[in-house]
Amino acid sequence: PPECIGAADVTSLLFCLSAIDPAEMPTAASNVASALKPNGVLVFRDFGRYDEVQLKLGTSRGKRVKENFYQKHDGTKCFYFTTEDVRQLFVDAGFEVLELDYIRRIYVNHGTRTKRRRVWVQGRFRKLPLVTRMHEK
C-alpha cells in the first residue's frame, strides 16, 4: 500500500525469503527496500547452504525444484542461501551490508541421541539514500 512506502525505520525478513521462487527474490528485496526510510535497517535470517535439512532433501527423489530450492514433505518450498547470494540480492536492491555471516548450530536430542546440524545466514543491511545509490552507479 502507498502508506507503507518509506514508512519503516526497521524491518525484518526472518525465514520468509526462502519460501519464494528464487526468480521472485529481487522483487521481494525491492519491496522491502521501498518500505524502509533512507538509512533504515533490514534484519535478515534464513536457511543456509548445506543445512542438514537441505542435505536430506537432496537425497529424496523429486524434492529438488531448482538449484538449492526444494519442496518439503508438507508442500512448502525452501531455498538455501550462501552469504554471497544474500549479499548480491540486497546490494542490488540498494542496501549496504552492515553484518553478514553464517550461524552454525548442533542440536542434540538426548532422548534419541541424535544430532541435527543447522546452518542459517544472518545479516543486517542499511538502505542507502537515493543520492548515495546514484553516485555509486
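Residues numbered from 1 in each chain as written. Predicted model: local features only at pLDDT ≥ 70, side-chain atom pairs only at ≥ 80, totals over all residues. Heavy atoms only, no water.

A. Region of the structure containing the nonpolar core. In this structure, Leu42, Phe44, Phe81, Val86, Phe90, Phe95 and Phe125 are the most contacted members of the largest nonpolar core, which totals 20 residues. Among the secondary structure elements, those contributing two or more residues to this core are α1 (25-35), β2 (36-47), α3 (83-92), β6 (95-109) and β7 (114-127). Take this core: its biggest share by element is four residues, from α1. With sequence-adjacent residues up to four places away left out, valine 86 is seen in contact with Phe44, Phe81, Leu100, Val121 and Phe125. Formed by eight residues, the second largest nonpolar core is a distinct cluster that contains Phe47, Tyr70, Ile103 and Trp120. (Core = buried A, V, L, I, M, F, W, Y, C linked by side-chain atoms within 4.5 Å. Buried < 20%, exposed > 50% of the residue type's maximum accessible area, 1.4 Å probe, protein only. Helix = DSSP H or I, 4+ residues; strand = E, 2+ residues; numbered from the N terminus. Contact = heavy atoms within 4.5 Å.)

B. Representation of the environment of alanine 35 in the model. Inspection of the secondary structure assignment puts alanine 35 in helix α1. Under the relative-accessibility criterion, alanine 35 is labelled partly exposed at 23%. Considered as a pair, alanine 35 and asparagine 68 are 33 residues apart in the sequence and their alpha carbons are 28 Å apart. Ignoring sequence-local partners within four residues, the contact set of alanine 35 consists of Cys4, Ile5, Gly6, Ala7 and Ala8.

C. Highlighting the sheet that holds strand β1 (residues 8-14). One open sheet holds the four strands; their spatial order is β1-β2-β7-β6, and the pairing between them is mixed. At either margin of the open sheet sits one strand with a lone partner, and together these are β1 and β6. Recorded for the sheet is a direction-independent mean angle of 15° between the axes of neighbouring strands. With seven bridges joining them, β2 and β7 adopt antiparallel strand pairing. In the sheet register, leucine 42 faces β7, and the bridge partner there is phenylalanine 125. The strands touched by α1 are β1, β2, β6 and β7; relative to β2, the strand with the most contacts, the crossing angle is about 140°. (Pairing = 2+ DSSP bridges. Axes fitted to C-alpha atoms, helices over the stretch in contact; angles between N-to-C directions.)

D. Layout of the packing of aromatic side chains. In the structure shown here, the tally under the stated rule is 11 aromatic pairs. Taking the centre distance of 5.8 Å and the plane angle of 85° together, the rings of phenylalanine 44 and phenylalanine 81 count as edge-to-face. Here phenylalanine 44, found in strand β2, pairs with phenylalanine 81, found in the loop between β5 (77-79) and α3; they are 37 residues apart in sequence, far enough to count as distant. The burial state of phenylalanine 44 is the same as that of phenylalanine 81; both residues are buried. Both rings, one in tyrosine 70 and one in tyrosine 80, keep their centres 6.0 Å apart while their planes meet at 65°; by these two values the pair is edge-to-face. Of this pair, tyrosine 70 sits in strand β4 (residues 69-71) while tyrosine 80 sits in the loop between β5 and α3, and the two are 10 residues apart along the sequence. Summarising the burial analysis for this pair, tyrosine 70 and tyrosine 80 share the class buried. (Phe/Tyr/Trp six-rings, centres within 6.5 Å; stacked < 30°, edge-to-face > 60°.)

From the geometry alone we can't say anything about function, so treat these as descriptive.
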